[in-house]
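# Breakdown of the fold
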Amino acid sequence: LMNLKELAKTVALRVGAFGLLHRLRNRDCLTVLMFHRVLPEGLTEKFCADPTYTVTPELLASVLDFCKRYHAPVGLEDVLASREGVRPLPAHPLLITFDDGWHDNLDYAQPVLERAEVPWVVFAATEAVSAPASWWQETLQWALRSGRASYEDLWTAASGDGARSEPRDSKNSIALLLRYGALSEEQRNTILGPYSTAVRSLYGSNLALGANNLRFLRQKGVGVGAHGSSHLPLSLIDQVEKDIDSAREWLSANVDVTTENAISFPHGRYDARAARTARNAGYRLLFTSDPV
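Residues numbered from 1 in each chain as written. Predicted model: local features only at pLDDT ≥ 70, side-chain atom pairs only at ≥ 80, totals over all residues. Heavy atoms only, no water.

Further remarks concern the side chain of Gln137. Position of Gln137 among the secondary structure elements: in helix α8 (residues 136-145). Here Gln137 falls in the buried class, since its relative accessible area comes to 4%. There is a polar contact of 2.5 Å between the side chain of Gln137 and the backbone oxygen of Ser230. The residues contacting Gln137, other than those within four sequence positions of it, are Leu177, Ser230, His231 and Leu232. (Helix = DSSP H or I, 4+ residues; strand = E, 2+ residues; numbered from the N terminus. Buried < 20%, exposed > 50% of the residue type's maximum accessible area, 1.4 Å probe, protein only. Polar contact = N/O pair within 3.5 Å; in protein donor to acceptor, adjacent residues only side chain to side chain. Contact = heavy atoms within 4.5 Å.)

Attention now goes to the packing of aromatic side chains. In this description, an aromatic ring pair is defined by two values, namely the gap between the centres and the angle between the planes. This structure, assessed with the given rule, holds eight aromatic pairs. With a centroid separation of 5.5 Å and 15° between ring planes, the pair formed by Phe265 and Tyr270 is classed as stacked. Residue classification places Phe265 among the buried positions, given a relative accessible area of 1%. Stacked on the ring of Trp102, the Lys or Arg Arg37 has its end atom at 4.1 Å from the ring centre. (Phe/Tyr/Trp six-rings, centres within 6.5 Å; stacked < 30°, edge-to-face > 60°. Lys NZ or Arg CZ within 6 Å of the ring centre and 35° of its normal.)

The phi angle at Cys48 is positive, at roughly 55°, despite the residue not being glycine. Position of Cys48 relative to the elements: it lies in the loop between α3 (41-46) and β3 (54-55). Using a relative accessible area of 22% as the deciding quantity, one classes Cys48 as partly exposed. The phi angle at His92 is positive, at roughly 55°, despite the residue not being glycine. Mapped onto the fold, His92 is located in the loop between α5 (76-83) and β5 (93-100). Given the relative accessible area of 11%, His92 is considered buried.

Below, the discussion takes up the layout of surface pockets. Taken as a whole, the second largest pocket spans an internal volume of roughly 580 Å³. Around the second largest pocket sit 23 residues that line it, and Asp50, Tyr53, Gln141, His231 and His267 are the ones nearest its centre. Every element with two or more residues in the lining of the second largest pocket is listed here: β5, α8 and α10 (173-181). For the lining of the second largest pocket, the element with the highest residue contribution is α8, accounting for five residues. Taken together, the residues of the lining of the second largest pocket break down into eight nonpolar, nine polar and six charged. (1 Å grid on protein atoms, 1.4 Å probe; cavity = no way out; pocket = protein on both sides within 12 Å on 5 of 7 lines; lining within 4 Å. Points joined across faces, edges and corners; volume = space filled by probe spheres on them. Nonpolar A, V, L, I, M, F, W, Y, C, P; charged D, E, K, R; others polar.)

Further remarks concern the pattern of salt bridges. Close approach of charged atoms allows side chains with opposite charge to pair. Tallied over the full model, the rule gives eight salt bridges. For Lys220, the salt bridge identified is with Glu114, shortest N-O distance 2.7 Å. Here the residue Lys220 occupies a position in the loop between α12 (211-219) and β7 (223-226), and Glu114 occupies one in helix α6 (residues 104-116), the gap between them amounting to 106 residues. In this structure, Glu138 engages Arg145 in a salt bridge whose closest nitrogen and oxygen atoms are separated by 2.6 Å. (Salt bridge = Lys/Arg side-chain N within 4 Å of Asp/Glu carboxyl O.)

Structure representation (structure tokens):
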């Protein structure tokens, strides 16, 4: 059942109060909508995709229809031009973004966005898009969501000495990602190899966009920005500068991303050090996941 707050929002929307409040309050405010994956409902279940970060093409189309009624969709270059004082944004500007660099963004999101004539940007985690067939982080999460492995099993496998010293909160996926991120590529491949084989067989195609896909999207007018290299939280790793520089260099070399100068912080997490490092690397727009 709807709680009172949700009911009030629904009533306000239906009687037009939302439109009035929005026109008054958000005229000069850039609204950013962050998406991740777009999959038909059957594939979401088949791939054991994280439902929190996955929408259907139909829902995406509905959201875009709503946004076009109340906002003026803009592209990444428009936001940069405003940031640099070249030209102002229109009233009620809105930017659509997709994090990580999933291949389904090309398969299912791009057609919907193109039909709606809405510009968008993809923030690519370069470790994922440089090896799109099998991204180790999704393999790890898939093993958990599919029930192929328990958190404790995966934590112990990565401990090296077999000790079961997992954090008290066994649902802390960030801790598990950091632990596997600290392993060498060879160690990760050894542990996750069987799961990676199963994921590749299940998908039958790449998990992530490749460099050629990103170049294709750029040709279609889609903005491309960085999402870090390792996709680990920049506020929780030591080599922040290396991570940010690696992402920038890979995108520059493989996708010719030299003008956007935008980065979305992985997991939305950042601190003063991460922000300062991104600025020093030349990024003009820094996107977080702070909800508004």
